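Here are the chains, one letter per residue:
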Amino acid sequence: MIPDTRHPAEPLPLDGVTVIAVEQAVSAPFATRQLADLGARVVKVERPDGGDFARAYDTAAQGLASHFVWCNRGKESIALDLKDPRGLAVLHGLLDGADVFVQNLAQGAAARLGLDSEALCARYPRLVAVDISGYGAEGPYAHKRAYDMLVQCEAGLVSVTGTPEQPVKAGIPAADIAAAMYAFSGVLAALLRRGVTGRGGRVEVSMLDALAEWMGHPLHHTMHDGEQPVRTGLAHAVIAPYDAYPTADGDRVLLSVQNDREWRRLAEQVLERPELALDPEYATNAARTRGRKETDAVVAAALGRLDADEAVARLEAAGIACARLNSVARLAEHPQLAARDRWREVGSPAGPLRALLPPIGLPGGAEPVMGAVPALGEHTEALLRALGMTGAQITALRRDGVVA
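Residues numbered from 1 in each chain as written. Predicted model: local features only at pLDDT ≥ 70, side-chain atom pairs only at ≥ 80, totals over all residues. Heavy atoms only, no water.

Student: Explain the side chain of Lys75 here, please?
Tutor: Its place among the elements puts Lys75 in strand S3 (residues 75–79). Take Lys75: its relative accessible area is 3%, and that puts it in the buried class. A polar atom in the side chain of Lys75 sits 2.9 Å from the backbone oxygen of Pro29. Sequence-distant contacts of Lys75, defined by excluding residues within four places in its chain, comprise Glu23, Pro29, Thr32, Arg33, Val42, Lys44, Ala372, Pro374 and His379. (Helix = DSSP H or I, 4+ residues; strand = E, 2+ residues; numbered from the N terminus. Buried < 20%, exposed > 50% of the residue type's maximum accessible area, 1.4 Å probe, protein only. Polar contact = N/O pair within 3.5 Å; in protein donor to acceptor, adjacent residues only side chain to side chain. Contact = heavy atoms within 4.5 Å.)

As structure tokens, this is what we get:
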């Protein structure tokens, strides 16, 4: 019998899991979006006076903020004033039936509201409660403001990114993303443990801890060798040639020679300089790295005579790893993403928007949810009515600014 692929046999893995998130900016919203994509119901709690401040970062996505669109699809938005006891009571009504709580408020703010993971796990034993912070709950930096680029600097990422003359930040919010993905995996681990023990538990993630882990190679190199890897722009610090080179049509093509066999193929088949294959000034990676300037000049001269398509074709025919130095616009039209049907449309207050499928594939199961980006407070009334509130009670809360 041919299986009916219209109705996948396997449900999404987080179907039936409810997540309540008091979140803002990127780290917590990106973590909870991963949960929503995998089937969890995510209720986003926002301030009535404007909501998540990332809503106002820009207007690039058809009038909506690009950060917000990226991190918040598939969620329900309820606008609550948590400083008002009535708003806090509504939140606890939501938590009473929740599986996961995530927050990334400024250090100390959640504890003042009784929403830190320790307090919530004591009150709701099955709850997985996640605290995301900049630097952790203790230590001299605990109350220091922590935005992505600041943490990139504190973690040393900026010191190893850029050119010899100029350190630069990563072009994406690397500290936020690192913390988000550890929070996401931490939630999955805690839910797995709850399936065995019946109890939830605390998950703590700091942006500095997450990014320091990602700094593993330069960190271990420096601790054990005594010297920090130098900044080399697009080049690799200890491998040559491994850089981007201009082509005749104004593009740039990056290539990577990982061993001396590959160098011989490059010299013979692409550079058309077979004498360099065994030349002691070029034959080993140590020699090529030592003479990086000369190595790069030889490669640049050869690729500079070719257009990008021809350069890539020759490199691939020789078995040399290579890539085009694409712009973001080219990424949006990348043929590999198109060929693998990675694009979908999601709803939003501004209409449909293109969005990529999440990277986690679960073949044979339902496709990720890819729900709409919510308007501020779009689901407030429905959620309050689900908690048993009457129309008159909801109207009173709106009148007093407790909800929006």
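That was the structure; now back to the text.
Student: How should I be thinking about the nonpolar core in this particular structure?
Tutor: Across soluble globular proteins, nonpolar side chains show a tendency to be buried alongside one another. Val19, Val100, Val102 and Val130 are the most contacted members of the largest nonpolar core, which has 41 residues in total. In terms of residues, this core owes the most to one element, helix H7 (residues 174–197), which gives 11 residues. Here Val102 is in contact with Val19, Ile20, Ala21, Val22, Ala28, Thr32, Val130 and Ile132, once residues within four sequence places are set aside. Counting residues in hydrophobic clusters, the runner-up holds 29 residues, among them Val90, Leu105, Tyr124 and Leu397. (Core = buried A, V, L, I, M, F, W, Y, C linked by side-chain atoms within 4.5 Å.)

Student: I would appreciate a short explanation of the sheet that holds strand S5 (residues 128–133) in the present structure.
Tutor: Paired through backbone hydrogen bonds, the strands of a sheet run either parallel or antiparallel to each other. One open sheet holds the 6 strands; their spatial order is S3-S2-S1-S4-S5-S6, and the pairing between them is parallel. The open sheet is flanked by S3 and strand S6 (201–206), the only strands paired with a single partner. Across the sheet, the mean angle separating the axes of adjacent strands is 20° when strand polarity is ignored. By the bridge criterion, 6 bridges tie S5 to S6 in an arrangement that is parallel. (Pairing = 2+ DSSP bridges. Axes fitted to C-alpha atoms, helices over the stretch in contact; angles between N-to-C directions.)

Student: Sorry if this is basic, but what is going on with the pairing of strand S10 (residues 343–346) here?
Tutor: Consecutive side chains of a regular strand alternate in pointing toward one face of the sheet and then the other. Judged by which residues are buried, S10 turns out to be one-sided: Arg344 and Val346 face inward and are buried, whereas Trp343 and Glu345, on the alternate face, are not. Two successive antiparallel strands, S10 and strand S11 (residues 353–356), enclose a turn made up of 6 residues, where Gly351 displays a positive phi of approximately 105°.

Student: It is not clear to me how unusual backbone geometry should be interpreted in this structure. Could you clarify?
Tutor: With glycine set apart, most residues show a phi of negative sign, and most peptide bonds adopt trans. Between Ala240 and Pro241 the backbone carries a cis peptide bond, its omega angle lying at -5°. Within the secondary structure, Pro241 sits in the loop between helix H9 (216–225) and strand S7 (242–246). Even without being a glycine, Glu272 presents a positive backbone phi close to 55°. Along the chain, Glu272 turns up in the loop between helix H10 (260–270) and helix H11 (285–290). Residue Met370 is not a glycine yet carries a positive backbone phi of 55°. Among the structural elements, Met370 can be located in the loop between S11 and helix H16 (380–386). You can call Met370 buried: its relative accessible area is 8%.

Student: Where do I start with the pattern of salt bridges in this structure?
Tutor: Note on pairing: side chains with opposite charge can pair once their charged atoms come close. Within this structure, the stated rule accounts for 24 salt bridges. The residue Glu46 makes a salt bridge to Arg55 at a minimum N-O spacing of 2.8 Å. Classification of Glu46 by relative accessible area gives buried; the value is 3%. The partner of Asp341 in a salt bridge is Arg344, with the nearest N and O atoms 3.4 Å apart. A relative accessible area of 47% places Asp341 in the partly exposed class. (Salt bridge = Lys/Arg side-chain N within 4 Å of Asp/Glu carboxyl O.)

Student: Any chance you could explain helix H12 (residues 292–303) here in plain terms?
Tutor: An α-helical segment advances 3.6 residues per turn. Residues three or four places apart therefore align on the same side. Over its 12 residues, H12 extends 16 Å from the first C-alpha to the last, a length consistent with the 16 Å expected when each residue adds 1.5 Å. Every buried residue belonging to H12 is among Arg292, Thr295, Asp296, Val298, Val299, Ala302 and Leu303, and all of these are buried. One side of H12 holds all its buried residues, which, seen down the axis, span an arc of 160°. Looking at the packing, one finds that the buried side of H12 touches S7, strand S8 (252–256), H10, H11 and helix H13 (308–317). (Expected span 1.5 Å × (residues − 1). Arc of directions from axis to C-beta.)

Student: Help me understand the layout of surface pockets, please; the structure alone is not making it clear to me.
Tutor: Any space left empty among the atoms is revealed by the rolling of a water-sized probe across them. As a volume, the second largest pocket reaches approximately 470 Å³. Lining the second largest pocket are 20 residues; nearest its centre among them are Val160, Thr232, Gly233, Ala235 and Ala237. Its residues placed into classes, the lining of the second largest pocket shows 14 nonpolar, 6 polar and no charged. (1 Å grid on protein atoms, 1.4 Å probe; cavity = no way out; pocket = protein on both sides within 12 Å on 5 of 7 lines; lining within 4 Å. Points joined across faces, edges and corners; volume = space filled by probe spheres on them. Nonpolar A, V, L, I, M, F, W, Y, C, P; charged D, E, K, R; others polar.)

Student: What am I meant to see in the sheet that holds S8 here?
Tutor: Spatially, S7-S8-S9 is the arrangement adopted by the 3 strands of the open sheet, whose pairing is antiparallel. If you trace the sheet from one side to the other, it starts and ends with S7 and strand S9 (321–324), each paired once. Each neighbouring strand pair of the sheet contributes to a mean axis angle of 25°, computed without reference to strand direction. Taken together, the 4 bridges between S8 and S9 define a ladder with antiparallel strand orientation. Bridge assignment links Leu254 to a residue of S9, and that residue is Ala323. H12 rests against S7 and S8 of the sheet, and its axis sits at about 40° to S7. Together, S8 and S9 form the strand contacts of H13, whose direction differs from that of S9 by roughly 160°.

Student: Looking at this structure, I do not really get the side chain of Thr380. What am I missing?
Tutor: Its place among the elements puts Thr380 in helix H16. From its side chain, Thr380 meets the backbone nitrogen of Ala79 in a polar contact 3.1 Å long. Polar contacts involving the side chain of Thr380 include one to the main-chain carbonyl oxygen of Ala404, which spans 2.6 Å.

Student: Looking at this structure, how should I read the environment of Val100?
Tutor: Here Val100 shows up in strand S4 (residues 100–103). In the structure, Val100 is positioned 68 residues away from Thr32 in sequence and 9.8 Å away in space, judged by C-alpha atoms. Beyond its immediate sequence surroundings of up to four residues, Val100 is in contact with Val17, Thr18, Val19, Ile20, Leu127, Val128, Val130, Val187 and Leu191.

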